[in-house]
Amino acid sequence: QVQLVESGGGLVQTGGSLRLSCAASGSIFSINAMGWYRQVPGKQRELVATIANGGSTNYADSVKGRFTISRDNAKNTVYLQMNSLKPEDTAVYYCNADLKKTSWSSVFRYWGQGTQVTVSS
């Protein structure tokens, strides 16, 4: 019933920029934190950035100063502005949302299908 759909991925040259978005839809009572993770084949998924519903943020050291996470609570959407991209940023990027479907349910983490970001050197 809950779906997260990412968009905005693609091919970009080193030093370029991309803006990812992820919209949550379906039966949602409330959303706590939202975030972005990325994964390269053969490696574990790693945290990129998270944002709480109050707006506080956390970033991986590798992206600090280059990436900015934001959210629009009215649209249940989280964004990731990526600047000064490097080849090592190449990965599949996944968004997540920690949410409750009803007022009495537990909080679960939901994931999008991922969007490919490729940075050429």
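Going by the structure above, here's the rest.
Bear in mind that the values here come from a model prediction, so they are computed numbers and not experimental data.

How each quantity is defined
- Residues numbered from 1 in each chain as written.
- Predicted model: local features only at pLDDT ≥ 70, side-chain atom pairs only at ≥ 80, totals over all residues.
- Heavy atoms only, no water.
- Pairing = 2+ DSSP bridges.
- Helix = DSSP H or I, 4+ residues; strand = E, 2+ residues; numbered from the N terminus.
- Axes fitted to C-alpha atoms, helices over the stretch in contact; angles between N-to-C directions.
- Disulfide = S-S within 2.5 Å.
- Buried < 20%, exposed > 50% of the residue type's maximum accessible area, 1.4 Å probe, protein only.
- Polar contact = N/O pair within 3.5 Å; in protein donor to acceptor, adjacent residues only side chain to side chain.
- Contact = heavy atoms within 4.5 Å.
- Phe/Tyr/Trp six-rings, centres within 6.5 Å; stacked < 30°, edge-to-face > 60°.
- Lys NZ or Arg CZ within 6 Å of the ring centre and 35° of its normal.
- Core = buried A, V, L, I, M, F, W, Y, C linked by side-chain atoms within 4.5 Å.

## Side note on the pairing of strand β3 (residues 18–25)
By the bridge criterion, five bridges tie strand β1 (residues 3–7) to β3 in an arrangement that is antiparallel. Within β3, the residue paired with Val 5 across the bridge is Ala 23.

## What to know about the sheet that holds β1
The four strands are arranged β1-β3-β8-β7 in an open sheet whose pairing can be described as antiparallel. A strand with exactly one partner marks an edge of an open sheet, and here the two such strands are β1 and β7 (67–72). Ignoring strand direction, the axes of neighbouring strands in this sheet form an average angle of 15°. Direction of pairing for β3 relative to strand β8 (residues 77–82): antiparallel, over a ladder of six bridges. Opposite Leu 20, over in β8, you have Leu 80 as the bridge partner.

## Points about the state of the cysteines
Tallied over the full model, the rule gives one disulfide. One disulfide in the model links Cys 22 with Cys 95; its S-S distance is 1.9 Å. Of this pair, Cys 22 sits in strand β3 while Cys 95 sits in strand β9 (residues 91–100), placing them 73 residues apart in sequence. Relative accessible area serves as the criterion here: at 0%, Cys 22 is assigned to the buried category.

## Structural notes on the side chain of Arg 38
Residue placement: Arg 38 occurs in strand β4 (residues 30–39). Taking relative accessible area as the criterion, Arg 38 reaches 6% and is therefore assigned buried. Within the structure, the side chain of Arg 38 is placed 2.7 Å from the side chain of Glu 46, a separation counted as a polar contact. Within polar-contact distance, the side chain of Arg 38 engages the side chain of Ser 62 at 3.4 Å. Filtering out sequence-adjacent residues up to four positions away, Arg 38 remains in contact with Gln 44, Arg 45, Glu 46, Val 48, Ser 62, Val 63, Phe 67, Glu 88, Asp 89, Ala 91, Val 92 and Tyr 93.

## Quick word on the packing of aromatic side chains
How two aromatic rings sit relative to each other is given by the distance of their centres and the angle of their planes. Going through the model one piece at a time under the given rule, you end up with one aromatic pair. Here the guanidinium or amino end of Arg 45 rests over the ring plane of Trp 111, the centre of that ring lying 3.7 Å away.

## Notes on the nonpolar core
Membership of the largest hydrophobic core comes to 28 residues, with the highest contact counts inside it found for Trp 36, Val 48, Phe 67, Val 78, Leu 80, Met 82 and Tyr 93. At the level of secondary structure, the elements contributing two or more residues to this core comprise β3, β4, β5 (46–51), β7, β8, β9 and β11 (115–120). Considering each element in turn, this core owes the most residues, five residues, to β9.

## Concerning the pairing of β4
The sheet contact formed by β4 and β9 spans eight bridges and is antiparallel. Counterpart to Tyr 37 in the pairing with β9 is Tyr 94. In terms of strand pairing, β4 meets β5 through five bridges, oriented antiparallel. Paired with Trp 36 across the bridge in β5 is Ala 49. What sits between the antiparallel neighbours β4 and β5 is a turn of six residues, in which Gly 42 has the positive phi angle 85°.

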